[in-house]
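The residues making up each chain are set out below.
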Amino acid sequence: MAIVFILIGMLGISLNDMLIKFLSGGYPLHQMVFTRSLIGIGFSLALVQLEGGWNILKTDQPGLHVLRATFLVIANLTFFTALAVMPLAEATAVFFVAPLMITLLSIPILGEKVGPMRIGAVLVGFAGVIIMTRPWESGAERAISLWVYVLPIAAAFTYALNNVMTRYLGAKSKASAMAVYIQSAFIVVSIVFWLVAGDGRFTEGVENESLQFLFRAWVWPEGHDLWLFAGLGLNAALIGYCLGQAYRIADAATVAPFEYVGLPLAIFWGWVIWGELPGLPVVFGILLILGSGLFVFLREKQKNRMVVRGKHVHRRY
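Since this is a predicted model, take the numbers as computed values, not measurements.

Participant: Where do I start with the packing of helix H1 (residues 2-23) against helix H3 (residues 62-83) in this structure?
Facilitator: Two quantities define a packed helix pair, namely the angle between the axes and the distance from one axis to the other. Running from amino to carboxyl end, H1 crosses H3 at an angle of 55°, the nearest separation of the two axes being 9 Å. Classed by the angle they form, the pair H1 and H3 counts as oblique. The way H1 lies across H3 gives a crossing that is right-handed. Side by side, H1 and H3 meet where Asn-16, Asp-17, Ile-20 and Lys-21 of the first sit next to Phe-79, Phe-80 and Leu-83 of the second. Class assignment of the residues belonging to the contact of H1 with H3 gives a composition of four nonpolar, one polar and two charged.

Participant: Before we go on, may I ask you to explain the pattern of salt bridges in this structure?
Facilitator: In a structure, side chains of opposite charge can pair up when their charged atoms sit close to one another. On inspection of all chains with the given rule, the structure shows three salt bridges. A salt bridge links Glu-90 to Arg-134; its shortest N-O distance comes to 3.8 Å. Here Arg-134 lies in the loop between helix H6 (116-133) and helix H7 (146-169) and Glu-90 lies in helix H4 (residues 88-95), a separation of 44 residues in the sequence. Each of the two residues, Glu-90 as well as Arg-134, counts as buried. One salt bridge in this structure joins Asp-199 and Arg-201, with 3.0 Å as the shortest N-O distance. The class for Arg-201 is partly exposed, based on a relative accessible area of 44%.

The rules behind the values
Residues numbered from 1 in each chain as written. Predicted model: local features only at pLDDT ≥ 70, side-chain atom pairs only at ≥ 80, totals over all residues. Heavy atoms only, no water. Axes fitted to C-alpha atoms, helices over the stretch in contact; angles between N-to-C directions. Helix = DSSP H or I, 4+ residues; strand = E, 2+ residues; numbered from the N terminus. Parallel < 35°, antiparallel > 145°, perpendicular 65-115°, else oblique. Left-handed = near helix turned anticlockwise from the far one by under 90°. Contact = heavy atoms within 4.5 Å. Nonpolar A, V, L, I, M, F, W, Y, C, P; charged D, E, K, R; others polar. Salt bridge = Lys/Arg side-chain N within 4 Å of Asp/Glu carboxyl O. Buried < 20%, exposed > 50% of the residue type's maximum accessible area, 1.4 Å probe, protein only.

Structure (structure tokens):
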């Protein structure tokens, strides 16, 4: 079931990224985050009732939940800010170093065993990210500044930390409760942004599209945009629950490779909505990341089968 949850969650994330990039030219990021989280928390609270009622919102680890929420807030802000200036497929491809980071972080944080072959596969995936970002290019050769690539990479790292902590905290907390914690954090951060920058004062004279997206004044959505904002809220609840459930009931190193389904989805939306197709370096980097992710997954399954067989033999004797 964990695989089903992660696949549904990744479909929701791809739709979310597409909608946010689509709306980024007219609305500020913190307004979209506030709206989707406000709607999403309603759905999440309904799921709380289905999974056990208000009592499951209680936790004896509030500090760790706040830390987990902080990681996800940073991941969202940095990634969505990158979307304002990067093609959807390319930003997503760079971000997909996250599952590789999850595999590595599961070693010190969760105590999971990751052998040298999987470590090697992770390094191949990192090489794919380097090829996509092309740090050896400079000046007029670069369509996108190297510093812009730091945004999805930072998002990948904080997202990986969030998911590893989800696995750790999921032993005691329900997925719906963890989704409520996350949505609450987004609402608080968005309100702070609105209080500080909601009138657009920080965008005066600013030409950088990412900064404009981050600090633009709030605008009431009109027409079809209202429905798109509602879709963001529904997606927020779906994503929060599915990802929380997936990493709660299965090993991080097992679930993480399935997040790669987001790569072809991002290419699809980029092509359909904006007519964007990745260049050869990006395609090559994607193939390296996909290959390393699949290897990590298959290796994990092989190790699990060996452990199960070993246990059976032990019982015989």
